[in-house]
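Per-entry structural report
This is what each chain is made of:
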Amino acid sequence: MIFTVSLKEVKYGTVTVEARSAGEAKIMAEQEYSRGNVCWKDSEVELRSVDREAERGDER
């Protein structure tokens, strides 16, 4: 049997930036996130749904 399982993941992490204001720090933190420069510390995973896939046999 084949199942499709949907998950939701929430991660908590930090990034340190040098900025002149909180607004600038937020923009810089988003840029660092895009570059993959976040120190992830914790996460939560939630099972959303499980759906059984229909059997297709030898169909093409």
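Residues numbered from 1 in each chain as written. Predicted model: local features only at pLDDT ≥ 70, side-chain atom pairs only at ≥ 80, totals over all residues. Heavy atoms only, no water.

1. Structural notes on the overall build of the protein chain
Check the secondary structure of the protein chain and you find one helix and two strands. The secondary structure elements of the protein chain, listed N-terminal to C-terminal, are β-α-β. Its C-alpha atoms give the protein chain a radius of gyration of 20 Å, more than 25% over the compact-globule value 10 Å for 60 residues. Looking at the protein chain as a whole, 2% of its 60 residues are labelled buried. Counting contacts in the protein chain only where the partners sit at least 6 residues apart, residues at least 24 apart contribute 82% of the total. Distance between charge centres in the protein chain, computed from 10 positive and 13 negative side chains, equals 3 Å. (Helix = DSSP H or I, 4+ residues; strand = E, 2+ residues; numbered from the N terminus. Rg over C-alpha atoms; globule rule 2.2 N^0.38 Å. Buried < 20%, exposed > 50% of the residue type's maximum accessible area, 1.4 Å probe, protein only. Contact = heavy atoms within 4.5 Å. Lys, Arg positive; Asp, Glu negative; His and termini not counted. Charge placed at Lys NZ, Arg CZ, Asp CG, Glu CD.)

2. A few points about the environment of V45
Note on placement: V45 falls in strand β2 (residues 39–52). Assessed through its relative accessible area of 58%, V45 is described here as exposed. As a C-alpha pair, V45 and T4 span 41 residues in sequence and 16 Å in three-dimensional space. Aside from chain neighbours lying at most four places away, what touches V45 is L7, K8 and E9.

3. Considerations on the pattern of salt bridges
Scanning all chains against the criterion turns up three salt bridges. When the shortest N-O distance is used, the salt bridge between E46 and R48 registers 2.8 Å. Classification of E46 as partly exposed rests on a relative accessible area of 38%. (Salt bridge = Lys/Arg side-chain N within 4 Å of Asp/Glu carboxyl O.)

4. Examining the environment of E55
On the secondary structure map, E55 appears in the segment after β2. Sequence-wise, E55 and I2 are 53 residues apart; in three dimensions their C-alpha atoms are separated by 8.1 Å. Excluding anything up to four places from it in sequence, E55 contacts M1 and I2.

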